[in-house]
Amino acid sequence: IGSYKSHVVRRAEELRKVSEGRRLAQVNKTKQGNDDDALPPSSEVVKDAEALRLALKELPNDIHPLPSTNSSTAKRILSSCVPAKDPVFQLMVDERKLLEGIAAES
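Throughout what follows, the structure given in this document is the object of discussion.

Procedures and definitions
- Counting of residues starts from 1 at the beginning of each chain's written sequence and follows it residue by residue.
- This being a predicted model, a pLDDT of at least 70 is required before a residue's local features are given, and a value of 80 or more before pairs of side-chain atoms are given or counted; all residues contribute to the totals for chains, interfaces and linings.
- Side-chain measures were taken over the full set of non-hydrogen atoms in the model, leaving aside hydrogen atoms and water.
- Axes, fitted as lines to C-alpha atoms, cover a helix only where it is in contact. Angles between the N-to-C directions of the axes lie from 0 to 180 degrees.
- Counting from the N terminus, the helices are DSSP H or I runs at least four residues long and the strands are E runs at least two residues long.
- Note on convention: the crossing is left-handed when the near helix lies turned anticlockwise from the far helix by less than a right angle, right-handed when the turn is clockwise.
- Contact definition: two residues touch when any of their heavy atoms are within 4.5 Å.
- Ten residues, namely Ala, Val, Leu, Ile, Met, Phe, Trp, Tyr, Cys and Pro, are considered nonpolar, four, namely Asp, Glu, Lys and Arg, are considered charged, and the remaining ones, Gly among them, are considered polar.
- In this description, a nonpolar core means a group of buried Ala, Val, Leu, Ile, Met, Phe, Trp, Tyr and Cys residues linked to one another through side-chain atoms lying within 4.5 Å.
- Each residue is assigned to one of three classes by its accessible area relative to the maximum for its type, calculated with a 1.4 Å probe on protein chains only: buried under 20%, partly exposed between the two thresholds, exposed over 50%.
- Note that the arc is computed from the directions linking the helix axis to the C-beta atoms.
- Each residue after the first adds 1.5 Å to the expected span of a helix.

Bringing the packing of helix H3 (residues 70-80) against helix H4 (residues 90-104) into the picture now. Taken N-terminus to C-terminus, the directions of H3 and H4 make an angle of 145°; their axes are 8 Å apart at the nearest point. Note on packing geometry: the crossing formed by H3 with H4 is left-handed. The segment H3 lies against H4, with Asn 70, Ser 71, Ala 74, Lys 75, Ile 77 and Leu 78 engaging Glu 95, Arg 96, Leu 99, Glu 100, Ile 102 and Ala 103. Among the residues forming the contact of H3 with H4, the class breakdown is 6 nonpolar, 2 polar and 4 charged.

For the rest of this paragraph, the subject is the nonpolar core. The biggest cluster of nonpolar side chains holds 5 residues, and these are Ala 74, Leu 78, Val 82, Leu 99 and Ala 103. For this core, the secondary-structure elements that each account for two or more residues are H3 and H4. Once residues lying within four places of it in the same chain are set aside, the contact partners of Ala 103 are Ser 71, Ala 74 and Lys 75.

Listing the buried residues of H3 in full gives Ser 71, Thr 73, Ala 74 and Leu 78. What you see down the axis of H3 is that its buried residues fit within an arc of 160°, all on one side. Across from the buried face of H3, at angles greater than 90 degrees, the exposed residues are Ser 79 and Ser 80. Those residues of H3 that are buried lie in contact with H4.

This part takes up H4. An α-helix turns once per 3.6 residues; consequently, residues spaced three or four apart project the same way. Across its 15 residues, H4 extends 21 Å between first and last C-alpha, which sits within 8% of the 21 Å expected from 1.5 Å per residue. Among the residues of H4, Arg 96, Leu 99 and Ala 103 are the ones counted as buried. The buried residues of H4 all sit within an arc of 75° when viewed along its axis, so they share a single face. In H4, the exposed positions that point more than 90 degrees away from the buried face belong to Gln 90, Leu 91, Lys 97, Leu 98 and Ala 104. As for H4, its buried residues are in contact with H3.

This part is about the environment of Ala 49. For Ala 49, the location among the structural elements is in helix H2 (residues 43-58). Residues Ala 49 and Ala 12 lie 37 residues apart in sequence; the distance between their C-alpha atoms is 6.4 Å. Excluding residues within four positions of it along the chain, Ala 49 makes contact with Ala 12, Leu 15 and Arg 16.

Without other data, these values stay purely geometric and don't point to any function.
Structure (structure tokens):
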């Protein structure tokens, strides 16, 4: 998931750059009087591409959490993966203590 997310963020950045470049090229053609039928991406498309890139970049990822998302990641793992009662292995007890500490830091 981590590499897939990184790839999508890179592609969204490329989309934004290409859209902005095409928009600027079309604006320059129009100013020079070389207007053709190609429509440039509007500034809204460029803004949307940038918003998409930023949203994907900040999307929580439990496999590769960011320091800013450690607390919420720990809470999700605690609620879904580590049993609160009757843990089977000592590792589960230790993991619960560690995750509770991370969740409490926020």
